[in-house]
Amino acid sequence: MSDLLARHRAVIPNWVAVYYDEPIEIVSGKGNRVVDASGKTYLDFFAGILTNMIGYDVPEVREAVERQLATGVVHTSTVYLLRGQVELAEKIAKLSGIKDAKVFFTNSGTEANETALLLATYARKTDQVLAMRQSYHGRSFGAIGVTSNRSWKNNSYSPLNVHFLHGADRHLPQFRAMNDADYIAACVADLRHVLATTVGGDVAALIAEPVQGVGGFTMAPDGLFAAYKEVLDEQGILFISDEVQTGWGRTGSAFFGIQNHGVTPDMMTFAKGLGNGFAVGGIVARGDLMDSLHATGLATFGGNPISMAAAKATLDYVLDHDLQANAARTGAHIIAGLREAGKRLPIVGDVRGKGLMFAVELVDPATGAPAPALAARFMEETKKAGLLAGKGGLYGNALRMAPPLTLTMDEAAEGLGIIVAALETINAEVAS
Ligand code: PMP
């Protein structure tokens, strides 16, 4: 065990899990690659769990932050006017497609979801909330209340009264064989059933990830949320789209994940990639909802000048370079390659993805059962070959990958080659 790992184990809680038999320390990064303490370089297909949205050491972001640092102002407070906040909020409000939108900045996705839930429950005067099975929305009291993924939920007691829906459960035996239309109809029936039988009274909101992140990049068929929204609208139930993983063009086919469903939500929450590594999150929502709280509020460090400078430079970079189109192009190449490989490799139970957000599920070829041990093997194999990947899903057998949106076609081909080679090696081991 390395000295740093021993020290980590001594002072960091054991629920802060680290990847790999021999965890790595990343000491530098450039472009879409990082270097560990031993000097080994990796193509980064996980990008700090989607935080390094445009890669590492991006001059535009570094210079924007340096310009702000040079003013001597790292932080003041929201009791003064903050130009960076206003400029970024204007851009995000416009991109959101939400009418008369306003933006509130936080330091994390957890805090953003907490704010959204606060607004929704206050506006609707009820603590009842709908969420999706296998969801992950953060680590605080409310956010964990709407989280259902058991490996992340712990044994929390929720301040909210939460009802969980199907909708990311295509893998279950009762849904697996259905076509999209039938599956959506079944999910709508489930929603109606929950509203009619479980919920005694008003419901504040449905909170959902358009593509579940921690849940293993579970894809809801396009149109599912439009069908949900029709039912929600009948009762004035608000819809919160958690875009922490799916925002800013990541899915290729839309700028925000929920737009794949033709839905304009009442609120969207965001974090992770926006600051390209700097801590920034927030909520963009209908102005009337945003204004409905009567107390004074602030997030001391939320929307601080440094984060705003980084976020504005990152967002401009994404838009100026049309990285949504790049995500669509490079992602389609990788997903097609993975599907091809999946056809001949019995350990591959499923390949799914949208843009630069794709997953491979590993199974026991004999039984079709989830094979988390094979996912662990994959992590070691790809590490050896110089590629960082992620894993997750309900059973820990979903390999999750989300490279920076700046991925080049050459890097896409290189990464695909490493992934397929690792899958072939493991498949051969299982077969022998
Ligand atoms: N929502 C989603 C969909 C997430 O994936 C995460 C983080 N994995 C969060 C919320 C919480 O964000 P943070 O870790 O910044 O609090």
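Nothing here was measured: the structure is a model prediction, and the numbers come from that model. (Residues numbered from 1 in each chain as written. Predicted model: local features only at pLDDT ≥ 70, side-chain atom pairs only at ≥ 80, totals over all residues.)

1. Details of the environment of Glu66
Alright, step 1. Examined against the element boundaries, Glu66 turns out to sit in helix α3 (residues 59-70).
Alright, step 2. C-beta crowding within 10 Å serves as the criterion here: with 11 such atoms nearby, Glu66 is assigned to the exposed category. (Helix = DSSP H or I, 4+ residues; strand = E, 2+ residues; numbered from the N terminus. Buried ≥ 20, exposed ≤ 12 C-beta atoms within 10 Å, placed from the backbone.)

2. A few points about the site of the ligand
Alright, step 1. Inspection of the region around the ligand gives 16 residues, with Ser108, Gly109, Thr110, Gly213 and Val244 positioned closest.
Alright, step 2. Looking at the shell around the ligand, the element that brings in the most residues is helix α5 (residues 109-124), giving three residues. (Near = placed C-beta within 6 Å.)

3. Topic: the sheet that holds strand β17 (residues 398-401)
Alright, step 1. The sheet built from four strands is open, its strands ordered β13-β14-β17-β16 with antiparallel pairing. Two strands lie at the open edges of the sheet, namely β13 (348-353) and β16 (390-392), each paired on one side alone. Sheet twist, expressed as the average angle between the axes of neighbouring strands with direction ignored, equals 25 degrees.
Alright, step 2. Bridge count between strand β14 (residues 358-362) and β17: four bridges; the pairing is antiparallel. If you follow Glu361 over to β17, its bridge partner there is Ala398.
Alright, step 3. Against the sheet, helix α13 (residues 323-344) contacts β13 and β14, and its axis sits at roughly 165 degrees relative to β13. (Pairing = 2+ DSSP bridges. Axes fitted to C-alpha atoms, helices over the stretch in contact; angles between N-to-C directions. Contact = placed C-beta atoms within 7 Å.)

4. Considerations on the nonpolar core
Alright, step 1. Core analysis: the biggest nonpolar cluster contains 124 residues, and Val129, Ala205, Leu206 and Ile207 have the highest contact counts within it.
Alright, step 2. With nine residues, the top contributor of residues to this core is helix α12 (residues 305-320).
Alright, step 3. A domain split of this core shows at least three residues from each of domain 1 (3-57 + 322-431) and domain 2 (63-320).
Alright, step 4. Contacts of Leu206, omitting those with residues within four sequence positions, involve Leu130, Tyr228, Leu232, Ile237, Phe239 and Ile240. (Core = buried A, V, L, I, M, F, W, Y, C linked by C-beta atoms within 7 Å. Domains from an automatic or database assignment.)

5. A few points about unusual backbone geometry
Alright, step 1. With a phi angle near 50 degrees, Ala47 is a residue other than glycine that sits in the positive phi range.
Alright, step 2. Following the sequence through the fold, Ala47 ends up in helix α2 (residues 47-50).
Alright, step 3. Taking the C-beta count within 10 Å as the criterion, Ala47 has 29 such neighbours and is therefore assigned buried.
Alright, step 4. The phi torsion at Trp248 lies on the positive side, around 70 degrees, for a residue other than glycine.
Alright, step 5. Tracing the backbone shows Trp248 in the loop between β10 (238-242) and β11 (267-270).

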